[in-house]
Amino acid sequence: MDSEGVHQILKALEIVYEPRSTNDARRQAQAFLEDVKLKEESPYWGYQLALPENYAKNYIVRHFGLSLLQHAIVKKFHTLDRPKVTAVREWVIDLANKVEEGDSHFLKEKLAFLWASLAKRIWGSFLIINPESNPDANGISEQQYADGWASMDSDLWTLWNGSTQSKELSLIVLRTLFEDIYLLDDPLASKRTSVLNQLSVSIVTSAEVLDLIYEPNPSLSMCKSSSKGWFVAWSDFLLEILNENDTSSAIVQTFAPKILTTFKTCLHWVQPSVLKSQNIMKTLVDILTVPDIKLKTLAVDCLHILFTRSYGNAEDFEFFIGSIFTTEGVMKLAQFERSLVIDPDNLCESTYTLLKKTVEMIVSLSEYLNILLPSKSRVDWEKADVRSYLNLVLATTSHASPIISGLSLQMWVTTLRYDELSSKPQVNDILMDLLQIAADRTIDYSSLNEDHVSKKYLEIDFDSVLESHSFLNNYKKFNEDIVRITICKKPEEGMQWLEKRLQTFFNSSIGAQCINDAYLEEKSEPFNYGTSQFNVIENSIRGVSRWRIWYSGTDFDTRNLRLNTLVEDLGERLLAMELASPLLIRKQVQTMVQFAPLLKDVSPLMFKVLEKILTTAIFEYPENISDERREVIRDLRTSCGTELNRLAYIMPDSLKNIFGDLENVISDILSSNKVSNHENVAFKSFLLVIASRSSIDNKEELFAKIVDPELSAWSSPETEKGLMNLHWFMERIGIVEIAQYFQKRNITVDSNLLDAEMDEEGRQLKSRLKDRWSSIFPIRATRIFIQYSIEKLAHDSPEYINLLRMWKPRVRPIVPHILQLLTQIQAYHNPDNWKDLPEAVLAFLRYSRMERFWQQGVSIQSKETFIEESVKAALTLREFADSVGHLIRYTREYAYLTIGSLSQLEDTLYEIPNIATSLWNALAGDVVGVTLHSWKHMINSCLRSVVKNCPIKFVEVFMSELLPLALTGFDKLLMERWDKVYVNGLQLQGNEDDTALSEEMMEEHMLRQLTATVVRFLMDIVPQVNAKNVTDTQTACKRLVCTNKEVMAPFLQICCHIIGLKDTKCSFNTILVVRNILPSIISKDDEVDKYLCFTFMKALLKVIMDDYFAETHSEAATVLTTLYCALRAKNDLPAQVLLEALPNITTQHMNNFETLLVGSRSLKHQRSALLELVRISVTSQLDTAEDDDLKYRKKQLEEANSGLKKKALANDIMNDPFTENGALNTIFGTE
């Protein structure tokens, strides 16, 4: 390159990196630099620019020089002939040897990347050459050795033995290369994995060990320069610098982290004999005692790999794993874990991260306690110090950080569930300590005070409330599982422990508050800890129930008798507790019902519980109480109605003996006018459940006596008239009377109802209307009677068959009424239907359509503020709108639920002619005013049930009618709403009020929830790939989707659209659905194949090319690879689609891609090839493409490292028989 050319490059780089350059000047300079990369001489120019003797401290120039070399290696390697490849290789080696002190870390990383990129392409290429075409004895010529970079190991040793900087670089090179070969889905490394793996093992392992394990291979030996191998060199050097220098010294800080990081790439495959000879475990354990947190963290990472890798024989296993399970080994782990002291008020993040990694490493060792493993791969419980190990894990479980504590919970649950493990004395002896810890952790952590230590840790660990909420739900579940299973293992000791625990708690000051304070708040500390005690009782009772099923000892009867006494004594004491708070009384009642399965046949206690529920169900409302307090009592009474019915489920035959008495008691309650219509239904359903589930004599008479009066309301003149059209429907709910009142108050369409106070006349009207609304339509009674009577009954049971016989003739005539009710409600929400109404009522109607609710994690205003505003609204005319709106929505929700319940009555609903169309028209015939929230409930409560419960024989007719309508409707709805989000977004300027912001956030959040609900609906039709527990209905629906194009078309269309929506979870889950149907639809129909090729493939490509969908890329690429390979076997269309859709991809790129596809041995490697093609396309659009290569690689590495910690799937979805054995065998052949 002449001096003028160099000057131009330097000038262009100066413009690009000069902040004051104009955009136009920068664009022109960048274009010039990109043009330089395309020149044939660019690799040589790159070498010259990167030489330190030319531009020593000008790192920008040297970096650009390396970028020119990178472009040649990564983008243009296929165009380089032998002399050019050799030249580029020599330049990279020369630059590596000339690395200088002060060279930036990024410069070294880039050099290492170039070296590894060359190695992946050419290193050992002679190992797969046909010997017959070569003249020498080994079948390989000197030229071929040179072409295959047989001297690479020697070149690396030259670096190692050179300057400090080149020694450091040699580590970075090998770390980078091993990452590409062993950790990343690198398509080039995957294609040559066999050769690269052999070479890597050869150069890392000592010759002595290689000779013992492998047959001599002269060609492989040519590539090995040092007999001791790299691992020995690294290990020796690490010990040397640690023994001779302080950990803060420059040499330790330079080399120790890099050696340990390199260890992380190879410890899982280096021969155990090498690791033993170097005593690597002692080295790593010793590093745990140094004061440097970074080194300790890397050592823990390395130990974790040693503890989780496989060992081929018992001797190696004993050396690495067995030694840790000695008393000394466990003690060292315990001492190290205890040394990591964390203060959440003055957090050292690196120490906290180290503690998490340490605990994760400790817990990972529990895998070897499994006695079902082969003897060579498990710990001997008799010889190992398992007791100390379990106590160490128990200490981590008791840590104040829920994240730290939670790392071991799955292990404890698994250990407890295996009788062979839980019966071991080492486990048995710590069960009560574990029980105490788990019971203490069943509290609601989200309600803890901000100064609670565990709350502080949660604030540190979670950025969002939703993430924290999800974790805490699982955390509580695991702890409750531990309580339940431990009690199952030690029921008598457990029940005695529980009695002492409750006595201690309720005798404490906080326990006294639980008993005496009538005004406990839900977020208060007493309520939190009091509720926790009841949760522990419930799980303990479930544990005893489980013991009854599990235990088979000869002393069962004796022990069971003692247990019944303990349970009954506990129940008596619990029942005798006089709690003042309605909140805790509700929990008390719920807990008492849990005793029923154990005591229903052996104790009169449950009849006392029944009496307690009946009296609590009519808990008196004190005079002059606040609305909030009234709501708490109403919730208590409603909960008692639910528990009453639960009791009827559990012990119907015990209750049938007092059925007459119960009828009289309930008759008295109902006639006292002390219960609402809602509560009335719960009492009646209680009697219905007993009558229908017990062996009582006069079933049909009792059924008719309870059910018929309620169902007859559907055919009353008032109801039929109210359902006839929207006008009569509005009159039925009182709109006319409200309009007349509003006219008296001079309310207009522009009136703000919140400014108009409620007067006495308004209060009287509201009271009259509320009495009417309580029984305006019999929809709630219909739903509850059906659902409660058949709940959890097997459809082949005599009870269900008898109920079906009684229900069928009664509900068939009312189905049209229910659909008509839904039709009128949906019409009510459409303002176009209000044109003939008085102006005074329009403001009222507008407000009544508004859905007002508070949602945690979305609403910006607090729940308390929301409630306060609602209370204020109740004092104004806005109360009419809120009340009517609530009535309408509540009725609609119950109509949805009723249809869901009807779908559980076998053929009853489905045999009605054209029912699918009628149902869809009622639900979605007028959707102008249907909100996202209502759509979600419509699908969840109604349509999903209708799909899941469809009898097999009706799938063909019913689903063929329903699915095209529903799928097309959902698709249109989602696309319209998402388009608004894309166009408008949350256009925040920083000056919006909280209300506006909250509503915008709520709208988008609701859209995401609705989208997730639609995805679940799709999964009800076609389950995800490798789904478990697939129903016969799903199988029939999948067959319908795959064979009926009228159903397949909208199904594929909505899947295609959802996959591209900016919601990664929905996109990911939908892709898994699509994976399940692809094998059944590809290459079956030309029209379908064209759609998949031109539409579906493009949609998947957009997802893969968009960083927003990073979490979905892998699965989307799997589907796209499957599609491409199958469709490419027919014609060239898939290749044309990729060429057109991927910018900057040439025919040569496609040829390279398809060569990789054919040469790949698994779908995983083919997917990597596809992702590489996409990456080339994406990075080629960017000015800093070479830098992006490294960024992309770093991102891949982070994902790979996190993936190593995730459990493998039970079924390896990468070994997809459809793709590997079917389509790929004919990828370029004819059909």
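Anything mentioned here points back to the structure above.
These remarks concern the structure in this document. In this text the structure is predicted, and so the values were computed from the model without any measurement.

Another point: the overall build of the protein chain. Across its full length, the protein chain carries 66 helices and zero strands. Its C-alpha atoms give the protein chain a radius of gyration of 36 Å, within 12% of the compact-globule value 33 Å for 1231 residues. With the C-alpha coordinates of the protein chain rotated into their principal frame, the extents come out at 105 × 75 × 60 Å. Across the 1231 residues in the protein chain, those meeting the buried criterion constitute 55%. Nonlocal contacts in the protein chain, meaning residues at least 24 apart in sequence, comprise 75% of its contacts between residues at least 6 apart. For the protein chain, the exposed surface amounts to about 53900 Å²; the carbon and sulfur share of it is 50%. Seen as two clouds, the 132 positive and the 165 negative side-chain charges of the protein chain have centres 2 Å apart.

By the definition in use, this model includes 40 aromatic pairs. Taking the centre distance of 5.6 Å and the plane angle of 80° together, the rings of Y445 and Y475 count as edge-to-face. Residue Y445 is found in the loop between α28 (431-440) and α29 (453-461), and its partner Y475 is found in helix α30 (residues 465-489); the two are separated by 30 residues along the sequence. By relative accessible area, Y445 is classed as buried at 4%. The buried category is assigned to Y475, whose relative accessible area is 2%. Arranged with centres 5.4 Å apart and planes meeting at 85°, the rings of F970 and F1017 form a pair that is edge-to-face. Residue F970 is located in helix α55 (residues 952-984), and its partner F1017 is located in helix α56 (residues 994-1021); the two are separated by 47 residues in the primary sequence. Residue F970 is classed as buried on the basis of its relative accessible area of 0%.

Positive phi, normally seen in glycine, also occurs at N279, with a value near 50°. Mapped onto the elements, N279 comes out in the loop between α17 (272-277) and α18 (280-287). Backbone geometry places N1144, a non-glycine residue, at a positive phi of 70°. With respect to the secondary-structure elements, N1144 resides in the loop between α62 (1133-1141) and α63 (1147-1159).

So, on to the side chain of K76. Within the element layout of this structure, K76 appears in the loop between α5 (59-75) and α6 (82-97). The side chain of K76 is buried and forms no salt bridge, while E40, the nearest opposite charge, is found at 7.9 Å. Once residues lying within four places of it in the same chain are set aside, the contact partners of K76 are K37, L38, K39, S42 and H71.

Rules used throughout
- Residues numbered from 1 in each chain as written.
- Predicted model: local features only at pLDDT ≥ 70, side-chain atom pairs only at ≥ 80, totals over all residues.
- Heavy atoms only, no water.
- Helix = DSSP H or I, 4+ residues; strand = E, 2+ residues; numbered from the N terminus.
- Rg over C-alpha atoms; globule rule 2.2 N^0.38 Å.
- Buried < 20%, exposed > 50% of the residue type's maximum accessible area, 1.4 Å probe, protein only.
- Contact = heavy atoms within 4.5 Å.
- Areas by Shrake-Rupley, 256 points an atom, 1.4 Å probe, with all protein chains shown as cover.
- Lys, Arg positive; Asp, Glu negative; His and termini not counted.
- Charge placed at Lys NZ, Arg CZ, Asp CG, Glu CD.
- Phe/Tyr/Trp six-rings, centres within 6.5 Å; stacked < 30°, edge-to-face > 60°.
- Salt bridge = Lys/Arg side-chain N within 4 Å of Asp/Glu carboxyl O.

Interpretation in functional terms is not warranted from these geometric data alone.
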